Amino acid sequence: MTIAEKKVTLSNVDMLSLLGVNDANLSILEARFNSTISVRGDIFNIKGVLEEVEIVEKVIKEMAYVLNTSGKLSKNDVEMILNLSIEGKEVINDEDFDSIVLYTKNDVVKAKTSGQKKYFQIANKNDICFAIGPAGTGKTYLAVALAVSALNKGIVKRIVLARPAVEAGESLGFLPGDFQEKIDPYLRPLYDALDDMIPSEKLKGYIEKRIIEIVPLAYMRGRTLNNAFVILDEAQNATDVQMKMFLTRLGANSKAIITGDITQIDLPVKTKSGLIQAKEILSEITGVGFVYFDKEDVVRHKLVKDIIDAYDKFNGNGK
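All values derive from a computational prediction rather than experimental measurement. (Residues numbered from 1 in each chain as written. Predicted model: local features only at pLDDT ≥ 70, side-chain atom pairs only at ≥ 80, totals over all residues. Heavy atoms only, no water.)

Draft legend 1. Focus on helix H7 (residues 139-153). When the terminal C-alpha atoms of H7 are compared, their 21 Å separation across 15 residues agrees well with the 21 Å that a helix rising 1.5 Å per residue should span. The buried fraction of H7 amounts to 12 of the 15 residues, a majority that puts the element mostly inside the structure. Listed in full, the buried residues belonging to H7 are Lys139, Thr140, Leu142, Ala143, Val144, Ala145, Leu146, Ala147, Val148, Ser149, Ala150 and Leu151. Positive phi appears at Gly154, one or two residues downstream of H7, with a value of about 80°. (Helix = DSSP H or I, 4+ residues; strand = E, 2+ residues; numbered from the N terminus. Expected span 1.5 Å × (residues − 1). Buried < 20%, exposed > 50% of the residue type's maximum accessible area, 1.4 Å probe, protein only.)

Shown next as structure tokens:
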């Protein structure tokens, strides 16, 4: 008989709802198992016979999954999860649980490919993460999910998302409408991602209070961003000067993710992409991580992989 001790850390979970009123759900677990189960903050500590500790860990993870996907966790839910787990059945497997980035209003955002799982790990490990690869690999969507997750956990106090408005020459002045109308077409993908992850009224409040900001890259100059999760999207269209400007905005207790596709640069021919330069000069810096996607990480329509393949072959880059 092997005695084991296991710590289970839960993220994005309402611990009061998970444990139940007066810790009623925790009491159900304690009544069904001989293991010692203690909770401090968002960490469960389980100690007992190895086989039972593993079952308790699975039950706790599945309770969190049910709570976050359905919005509630009843006594009957806990009993159901217990019975399934003891019988060797499961609501969600460990691999899926460890890949979850964010529970949203409608779904679960999780890393689906090996490249995305590596992205998740590197972004969590480093204060600055570069995600480079073709369209459809989830670079932007997962970056936004990681930022929303950090905001929900209280790790950061705000999110700042930026994009170069290359097509408008970054001046935007000649376009019709007010400032918001001018920049909306260039920033719409970021709004779409946020809209998937945060209820509309809550998102509106965040934007009005500037807890979440979505701005053209040119408007980042001169700022210092403390306690923030900062994302630069479409970074292949940032110049070398703009990239340095963006990276040096990072203040205390902040993180940054920079996403881009170096095969889709829209800058003038003689203008060097800041993303390509950053690849060359920052790869050896501790705290800066790089992850590279390929067509195997595409999670959009199945034809997207074939389209990327066809263009690679046409340009002589086929594998």
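Draft legend 2. Layout of the nonpolar core. One finds Tyr119, Leu161, Leu194, Ile212 and Phe229 to be the most contacted residues of the largest nonpolar core, which totals 37 residues. With nine residues, the top contributor of residues to this core is H7. Discounting residues that sit within four places of it in the chain, Ile212 has contacts with Leu151, Ile159, Leu161, Leu194, Ile198, Leu203, Tyr206 and Ile207. (Core = buried A, V, L, I, M, F, W, Y, C linked by side-chain atoms within 4.5 Å. Contact = heavy atoms within 4.5 Å.)

Draft legend 3. The arrangement of the packing of helix H2 (residues 24-32) against helix H4 (residues 75-86) in detail. Put simply, H2 and H4 touch, their axes get as near as 10 Å, and they point 30° apart. Put simply, H2 runs roughly parallel to H4. Seen along the crossing, H2 lies across H4 with a hand that is right-handed. Residues Asn25, Ile28, Leu29 and Arg32 of H2 lie in contact with H4, whose contacting residues are Lys75, Val78, Glu79, Leu82, Asn83 and Ile86. For the contact of H2 with H4, a count of residues per class yields five nonpolar, two polar and three charged. (Axes fitted to C-alpha atoms, helices over the stretch in contact; angles between N-to-C directions. Parallel < 35°, antiparallel > 145°, perpendicular 65-115°, else oblique. Left-handed = near helix turned anticlockwise from the far one by under 90°. Nonpolar A, V, L, I, M, F, W, Y, C, P; charged D, E, K, R; others polar.)

Draft legend 4. Up close: the packing of aromatic side chains. One pass over the structure, following the stated rule, counts three aromatic pairs. Centroid distance Tyr119 to Phe293: 5.3 Å. Interplanar angle 85°. Geometry classified as edge-to-face. Here the residue Tyr119 occupies a position in helix H6 (residues 114-125), and Phe293 occupies one in the loop between strand S11 (288-292) and helix H12 (303-314), the gap between them amounting to 174 residues. Residues Tyr119 and Phe293 agree in their burial class; the two are buried. Members of the aromatic cluster, connected to one another through ring pairs, are Phe130, Phe290 and Tyr292. (Phe/Tyr/Trp six-rings, centres within 6.5 Å; stacked < 30°, edge-to-face > 60°.)

Draft legend 5. Looking closely at the packing of H6 against H7. Where H6 meets H7, the axes come as close as 11 Å, and the angle between the chain directions of the two elements is 40°. The orientation of H6 with respect to H7, classified from their angle, is oblique. Viewed along their axes, H6 and H7 form a crossing whose handedness is right-handed. Residues Gln116, Tyr119, Phe120, Ala123 and Asn124 of H6 pack against Lys139, Leu142, Ala143 and Leu146 of H7. Residues of the contact of H6 with H7, tallied by class, amount to six nonpolar, two polar and one charged.

Draft legend 6. Unusual backbone geometry, seen in detail. Its identity as a non-glycine residue notwithstanding, Arg210 has a phi of 60°, on the positive side. Along the chain, Arg210 turns up in the loop between helix H9 (200-208) and strand S8 (212-216). A relative accessible area of 52% means that Arg210 is categorised as exposed. Despite not being glycine, Glu234 shows a phi value in the positive range, around 55°.

Draft legend 7. Quick look at the sheet that holds strand S1 (residues 3-9). Within the open sheet, the three strands sit side by side as S1-S3-S2. Their pairing is antiparallel. Either end of the sheet is taken by a strand with one partner, and the two such strands are S1 and strand S2 (36-40). Taken pair by pair, the neighbouring strands of this sheet meet at an average axis angle of 15°, ignoring direction. Note: S1 against strand S3 (residues 43-49), seven bridges, orientation antiparallel. Bridge assignment links Lys7 to a residue of S3, and that residue is Asn45. (Pairing = 2+ DSSP bridges.)

Draft legend 8. Structural context of the sheet that holds S11. Here six strands make up an open sheet; going across it, the order is S8-S7-S9-S10-S6-S11 and the pairing parallel. Each end of this open sheet is capped by a strand with a single partner; those strands are S8 and S11. Between one strand and the next, the sheet's axes are offset by a mean angle of 15°, whatever the strand orientation. Summarising the sheet, strand S7 (residues 158-163) and S8 pair through five bridges and their orientation is parallel. Directly across from Ala162, in S8, lies its bridge partner Val215.

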